[in-house]
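Okay, here's what each chain looks like letter by letter:
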Amino acid sequence: MIEFLARQEMMFVASSDATGECDCTFRAGPAGFVQVLDQRVLAWPEYRGNGVLASLGNIVENAHVGLLFVDFVRDVIGLHVNGSATIVQDDIMRATHPGLPVDPVPGRRAERWVRVFVEEAYIHCAKHIPRMIKVPRDRAWGTDDVRRKGGDFFAVRAGQTVDPSGTVVG
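As a starting point, this report considers the structure included with it. Residue numbers here run from 1 along each chain, matching the order of that chain's written sequence. At least 70 in pLDDT is required for a residue's local features to be given in this predicted model, at least 80 for side-chain atom pairs to be given and counted, and no such filter applies to totals for whole chains, interfaces and linings, which use all residues. The basis for every side-chain value is the complete set of heavy atoms in the structure, and neither hydrogens nor water enter the calculation.

Overview of the pairing of strand β5 (residues 64–71)
- The rule is simple: take the accessible area with a 1.4 Å probe, protein chains only, and divide by the maximum for that residue type; under 20% is buried, over 50% is exposed, in between is partly exposed. For the purposes of this entry, the term helix denotes a DSSP run of H or I that reaches at least four residues, the term strand denotes a run of E that reaches at least two, and both are numbered from the N terminus. With 6 of its 8 residues buried, β5 lies for the most part within the structure.
- We treat two strands as partners when DSSP finds at least two bridges between them. Summarising the sheet, strand β1 (residues 10–16) and β5 pair through 4 bridges and their orientation is antiparallel. Counted as the bridge partner of Val13 is Leu67 from β5.
- Remark: 5 residues form the turn of the hairpin made by β5 and strand β6 (residues 77–89), two consecutive strands paired antiparallel; Val76 in that turn has positive phi of roughly 50°.

A few points about the sheet that holds strand β3 (residues 35–38)
- With antiparallel pairing, 7 strands are arranged side by side in an open sheet as β2-β1-β5-β6-β7-β4-β3. Each edge of the open sheet carries a strand with a single partner, namely β2 (22–28) and β3. For this sheet, the mean inter-axis angle between neighbouring strands, taken without regard to orientation, is 35°. Each axis is a line fitted through C-alpha atoms, taken for helices only over the stretch in contact, and angles between the N-to-C directions span 0 to 180 degrees.

A short note on the nonpolar core
- Within the largest apolar cluster, 20 residues are counted, with the highest numbers of intra-cluster contacts made by Met11, Trp44, Leu67 and Phe69.
- Val88, Leu100, Ala110 and Trp113 belong to the second-largest nonpolar core, a separate cluster that totals 6 residues. By convention a nonpolar core is built from buried Ala, Val, Leu, Ile, Met, Phe, Trp, Tyr and Cys residues, the set being connected through side-chain atoms within 4.5 Å.

Details of the state of the cysteines
- Pairs of cysteine sulfur atoms within 2.5 Å are identified as disulfides in what follows. Taken as a whole and assessed by the stated rule, the structure comprises 0 disulfides.
- No disulfide involves Cys22; its nearest neighbouring cysteine sulfur is the one of Cys24, lying 9.4 Å away.
- Here Cys24 falls in the exposed class, since its relative accessible area comes to 52%.

Notes on the pairing of β2
- For β1 and β2, the ladder comprises 7 bridges, and the chain directions are antiparallel. Bridging across to β2, Ser16 finds its partner in Cys22.
- Taking the residues between adjacent antiparallel strands as the criterion, β1 and β2 are bridged by 5 residues, where Gly20 takes a positive phi near 95°.

Set out below in structure tokens:
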């Protein structure tokens, strides 16, 4: 499982607030962005994002998280990891774990880390996982350009709607 995690570039994070309202979000980074700190502890970096802070806000209220790693390219298998999370500031995390990598993207730096104490980890059946092909992509890390970030993709902020062809209406 440790070797599998070292190859992963993405995961899905499930969390819920104190009343049980759920959220599932996506996290990604270079291969191995989720660090295995020891046999029972994982951590991933948190960067400046869209400002919603749904996952981190949920973790503050309810530490239980579910992580799902799916390898669509090489192994075509998944891994579930469930545990209890805490939020740690970057400088404190690096002081206690000096070997943590620095993000290779210029100017992109973790603000904090989410540390997960693993309670269980198990395989996700490969039977229905599609095989995909990884293709290069130009990313605009660190941009505040709403269009490049996907900001109001569904045009809800302006009270608009998007028809099935993708055209903004109203």
